[in-house]
Amino acid sequence: MARLSVLIVEKDRERALRIVDGLAGSGDHDVTVISEESGLARRIAELRPDIVLIDVANPSRDVLEELALATGPLDRPVAMFVDRSDEQMTRAAIEAGVSAYVVDGLQAERIKPILDAAIARFHLFHKMRAELAATRAALEERKIIDRAKAILMKARGIDEEAAYALLRKTAMDQKRRVADIAQQLVMAAGLLS
Amino acid sequence: MSLHPLRVGYVPLIDAAPLIVAQELGFAAEEGLGLELLRLQGWAQSRDLLGTGGIDAAHMLVPLPIAQRLGLGPDYPDFDLVMFLSQGGQAIAVSAALETALRAAGHGFAFDDPVAARDALERVAPAGLRVGVPFPFSTQAELVRRWVRGSGLAARVTVHTVPPPRMAAALAAGEVDAFCVGEPWASHAVETAAGALLLAGRSIWAAPPEKGLVLTRQFAEARPEVTGRLMRAVWRACRWLDQGGNRGMAADILSRPEYLNLPPELSERGLLGRLHVSAQGEVRQFPDFIRFHAGAANFPWRSLAALLGRGIALAQGLDPARAETAATAVFRTDLYRLHLRAAGADLPGASARVEGAMRGPTAVASEKGQMILGPDAFFDGATYDPASTVR
């Protein structure tokens, strides 16, 4: 059986490499990575890949949609957005954030291991990204709470522990988060100063 | 009272204003809704999220749900368009090289004369004129096809998809020679000196429906109560956008980092109909460059579905008559009547009409007596009379 040619469209080098690594476990393929969005249609026409993998949120997907339509049924480089017969695989892919364009007539059993590997990699990336965002948000909240404590300490002449206790009590009374109360306080202080 | 959350996808363009305004100015909250607005990167993504349940509703190119129904996309549950969000707002731009050639040939970049612009372009354009549009199924593609039809340009033009944020770069890099796109992306090309604006979309077709509010049929029918609330909130936001003096504030809201993330000065051009057509700062006033409400702009005429369905079918080699009938079922004038009557929307007596027949504002019969529609003429005087199956 001929090796499949897989094209990955991805700007982020680190991410592209990880997807390539992930695919290595799913069989022996020719994998190419394109990071440049300009001239995408021309590159695909040259490479004639069997499968194109691209982030669901990549704006260049709309270019692939056109390729999938524009070429004749016999020479289409990219035929359809995943396999029409496998709705579950489509959903799993989109939820993971990966879209796949597959050459017409390619059997589902040859596509599946590749897509499964890509889905796993994309999930991993989402998890990492979500964790990073959560860490950033927590840091941001920490800073706001520190500023609110400083405002209270100065205005009421209390120590840090008492300032935090006051924030926490107010939050509990109002059934709000400490960070929300701190945010309001910082904003109000900004208006009054 | 807690608000009912709804996830709504939009692509960052000035015509996403109705959804953003509905949330920001409290029209959604008045209906008990909290809109979680998700900024998307393109139309395929919007379609896929709606099709797989990642969002409840979408700001979508009007022809896109029609193309879905014609089998030109992935196999998702049926999409329905329940109301239009905007009309117009597109512009055609040409590359800096073509601008120079057009000026040398005496073209004045009036922005509102499709025949003069087409004739001038025919004299100076290369053998192959590549025109960028945001998506294969877009009002922009329909506008370009109509503009060149029957002219010497028709055989020379090829239409290519370019993601709107990349339009200016694609024009500058010579990947396309011209493009038709929604604001602010045409102005963005002028701002980066990649090209000049040749025509307003509304100069080619006075009432081109541009974006619609699209839901899955499943959602619209299983949850009529929430669908109605969403439609009323968005309809009121559209009305607000077309009330005098509100567009400047709308530009400020839209431009915020969480939405379009652009200088308000750029979003304002399309919203106020004051376009800079060239990098030298020549300004053209185009009244009603984009409409959100006036002239019953939100009513999803079944005849427009048929017209656009026919355009897609002809471009894709499908049977036009079947496409017209299938397309008509996508536009839910029944839901529009059901849900917006309560908000005070006046409703036309008919749900289909002859398209392109109104050269100026025209009074027609409505539930409240009379309503003013139009104009909706095409620049070349063409009209489209839908088949009886559509009416």
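Scanning chain A for helices and strands turns up 7 helices and 5 strands. The linear arrangement of helices and strands in chain A, starting from the amino end, is β-α-β-α-β-α-β-α-β-α-α-α. Rg of the C-alpha trace for chain A: 25 Å, well past the compact-globule value of 16 Å for 193 residues, more than 25% over. C-alpha atoms of chain A, sized along the principal axes, occupy 80 × 30 × 30 Å. When burial is assessed residue by residue, chain A has 31% of its 193 residues classed as buried. Within chain A, contacts between residues separated by at least 24 positions form 59% of all contacts whose residues are at least 6 apart in sequence.

What follows deals with the domain arrangement of chain B. Residue and element names in this part refer to chain B. Domains assigned within chain B are domain 1 (4-87 + 209-257 + 292-346) and domain 2 (90-207). Taking only C-alpha atoms, the centre of domain 1 and the centre of domain 2 are 26 Å apart. Every contact between the two is made by 16 residues of domain 1 and, on the other side, 14 residues of domain 2. Of all elements in the fold, only α4 (63-69), β10 (209-216) and α15 (302-316) reach the threshold of two or more residues within the side of domain 1 that touches domain 2. Across the side of domain 1 that touches domain 2, the residue classes tally to 11 nonpolar, 3 polar and 2 charged.

Moving on, we come to the environment of Phe286 of chain B. Counting through the fold element by element, Phe286 of chain B comes out in the loop between β12 (283-285) and β13 (290-291). Look past the residues within four positions of Phe286 of chain B in its chain and what remains in contact with it is Phe111, Asp112, Ala200, Gly273 and Leu275 of chain B.

Right, let's talk about the pairing of strand β14 (residues 362-366) of chain B for a bit. Residues and elements named next belong to chain B. Examined bridge by bridge, β14 and strand β15 (residues 369-373) share 5 bridges and lie antiparallel to one another. Note on β15: the bridge partner recorded for Ala363 is Ile372. What sits between β14 and β15 in their antiparallel hairpin is a turn of 2 residues.

All right, on to the interface of chain B and chain A then. Taken together, the contact between chain B and chain A spans 21 residues of the former and 21 residues of the latter. Among the elements that make up the side of chain B that touches chain A, the one with the highest residue count is helix α3 (residues 43-51) of chain B (4 residues). Across the side of chain B that touches chain A, the residue classes tally to 10 nonpolar, 7 polar and 4 charged.

Residue and element names in this part refer to chain A. Secondary-structure assignment places Leu152 in helix α5 (residues 108-156). Residue Leu152 is classed as buried on the basis of its C-beta count, with 23 C-beta atoms lying within 10 Å. For the pair Leu152 and Leu115, spaced 37 residues apart in the sequence, the C-alpha separation amounts to 55 Å. Those residues within four positions of Leu152 in sequence are excluded, and the remaining contacts are Ile158, Ala163 and Leu166.

What counts and how
Throughout this description, residue numbers start from 1 for each chain and increase along the sequence as written. Working convention: letters from A go to chains and numbers from 1 go to ligands, in the order in which they are written. It should be noted that, the model being predicted, local features are given only for residues of pLDDT at least 70 and side-chain atom pairs only at 80 or more, the latter also being counted only at that level, while totals for whole chains, interfaces and linings use all residues. Helix and strand assignments come from DSSP, with helices taken as H or I runs of at least 4 residues and strands as E runs of at least 2, each series counted from the N terminus. Values of the radius of gyration come from C-alpha atoms, whereas the globule rule sets the reference at 2.2 Å times the count of residues to the power 0.38. To sort residues by burial, count the other C-beta atoms lying within 10 Å of each one's C-beta; a count of 20 or more means buried, 12 or fewer means exposed, and anything in between means partly exposed. C-beta atoms are built from the backbone. Here, residue contact means that the backbone-derived C-beta atoms of the two residues sit within 7 Å. For the purposes of this description, domain bounds are those given by an automatic or database domain assignment. Note on residue classes: Ala, Val, Leu, Ile, Met, Phe, Trp, Tyr, Cys and Pro are nonpolar, Asp, Glu, Lys and Arg are charged, and everything else, Gly too, is polar. Two strands make a pair as long as DSSP finds a minimum of two bridges between them.

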